[in-house]
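# Coordinate inspection notes
Here's the letter readout for the chains.
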Amino acid sequence: QQPVQSPQAVILREGEDAVINCSSSKALYSVHWYRQKHGEAPVFLMILLKGGEQKGHDKISASFNEKKQQSSLYLTASQLSYSGTYFCGTAGIQGAQKLVFGQGTRLTINP
Amino acid sequence: SAVISQKPSRDICQRGTSLTIQCQVDSQVTMMFWYRQQPGQSLTLIATANQGSEATYESGFVIDKFPISRPNLTFSTLTVSNLSPEDSSIYLCSVEGQGPSGQYFGPGTRLTVT
């Protein structure tokens, strides 16, 4: 089943923060986050494995609450380059390599 | 991360014909994945291709419509058969990185069926 992302779209000014949520109704082995710019392929951002860890690089980080089957992506002090559509991809226990993607969150950063 | 190329990058095909999409990776990988992304939509997994075995198809996708070949560890093809306008979409291949890692996507093939 497809994970649910929220919000569907968000518009920010440069320097503002954003949180994108990903929620699944099934037990998860891992959560992946990707960013896709218009006309380009999705780009891998990070993977979170079950264990409730938080990861991050630069000003983008993510958390994974396996009990709630939820993950959140945090973008702080957003930059114009952060614009794009963000997808979470989830892998269940049985098929750890196969990903089911959420519907996407469109992030627009304005100057 | 792997470097992945796809051919063709785009094509316009007539209904009833077929299109074969090639995916080449610069390193040996066990699993390759084929996705479809309809305009403005999310990515949907079509099938997983392992070298030396039959591809595993997801619900709603069948081998007759989407035959896949995986002749070696760096190459795969996806054929979209008996094309209809509903097949107009972007088709992407991807591979997994080393260790617990994300997937790396090819640039995609934009198919338009007229």
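The coordinates are above.
Residues numbered from 1 in each chain as written. Chains lettered and ligands numbered in written order. Predicted model: local features only at pLDDT ≥ 70, side-chain atom pairs only at ≥ 80, totals over all residues. Heavy atoms only, no water.

The step from S6 of chain A to P7 of chain A runs through a cis peptide bond, and the omega angle for that step is -10 degrees. With an omega dihedral of -10 degrees, the bond running from K7 of chain B to P8 of chain B counts as a cis peptide bond. Within the fold, P8 of chain B resides in the loop between β1 (4–7) and β2 (10–13). The residue Q69 of chain A is not glycine, and still its phi comes out positive at about 55 degrees. (Helix = DSSP H or I, 4+ residues; strand = E, 2+ residues; numbered from the N terminus.)

What follows concerns the state of the cysteines. Under the criterion given, the structure shown has 2 disulfides over all chains. With a sulfur-sulfur separation of 2.1 Å, C22 of chain A is cross-linked through a disulfide to C88 of chain A. Classification of the bridge connecting C22 of chain A and C88 of chain A rests on its S-S torsion, roughly 70 degrees, and on that basis the disulfide is right-handed. With C22 of chain A in strand β3 (residues 18–23) and C88 of chain A in strand β9 (residues 84–92), this pair connects stretches of sequence that are 66 residues apart. Note on cysteine connectivity: C23 of chain B is disulfide-linked to C93 of chain B, with sulfurs 2.0 Å apart. Looking down the S-S bond of the C23 of chain B and C93 of chain B bridge, the torsion is 75 degrees, so its handedness is right-handed. Placement of C23 of chain B in strand β3 (residues 19–25) and of C93 of chain B in strand β9 (residues 89–96) is noted, with a sequence separation of 70 residues between them. There is no disulfide at C13 of chain B, and the cysteine sulfur nearest it, in C93 of chain B, is 17 Å away. (Disulfide = S-S within 2.5 Å.)

This paragraph deals with the nonpolar core. Most often, soluble globular proteins have nonpolar side chains that are buried together. All names here are of chain B. Counting 25 residues, the largest nonpolar core has W34, I46, F66, I68, L78 and Y91 as the members making the most contacts within it. When contributions to this core are tallied by element, the ones reaching two or more residues are β3, β4 (31–37), β5 (43–50), β8 (75–80), β9 and β11 (109–113). Looking at this core element by element, the count peaks at 4 residues for β3. (Core = buried A, V, L, I, M, F, W, Y, C linked by side-chain atoms within 4.5 Å. Buried < 20%, exposed > 50% of the residue type's maximum accessible area, 1.4 Å probe, protein only.)

Time to look at the interface of chain A and chain B. Contact residues are listed per partner, giving 16 residues for chain A and 20 residues for chain B. Carbon and sulfur atoms make up 62% of the surface buried where chain A meets chain B, a total of about 1400 Å² over both sides. In terms of surface lost to chain B, no three residues of chain A exceed Q97, K98 and F101 of chain A, which account for 35% of the buried area on that side. At the boundary of chain A and chain B, one finds 1 salt bridge. Taking the shortest distance from any N to any O, the salt bridge between E58 of chain B and K98 of chain A comes out at 2.9 Å. Sorting the residues of the side of chain A that touches chain B by element identifies β4 (28–36) and β5 (43–49) of chain A as the ones contributing at least two each. Split into classes, the residues belonging to the side of chain A that touches chain B amount to 9 nonpolar, 6 polar and 1 charged. (Contact = heavy atoms within 4.5 Å. Buried area = accessible area lost by both parts, 1.4 Å probe. Salt bridge = Lys/Arg side-chain N within 4 Å of Asp/Glu carboxyl O. Nonpolar A, V, L, I, M, F, W, Y, C, P; charged D, E, K, R; others polar.)

As a further point, take the environment of R13 of chain A. Residues and elements named next belong to chain A. Positionally, R13 belongs in strand β2 (residues 9–13). By relative accessible area, R13 is classed as exposed at 59%. Remark: the alpha-carbon pair of R13 and L49, spanning 36 residues in sequence, is separated by 32 Å. If near-sequence neighbours (up to four positions away) are discounted, R13 is found in contact with S78, I109 and N110.

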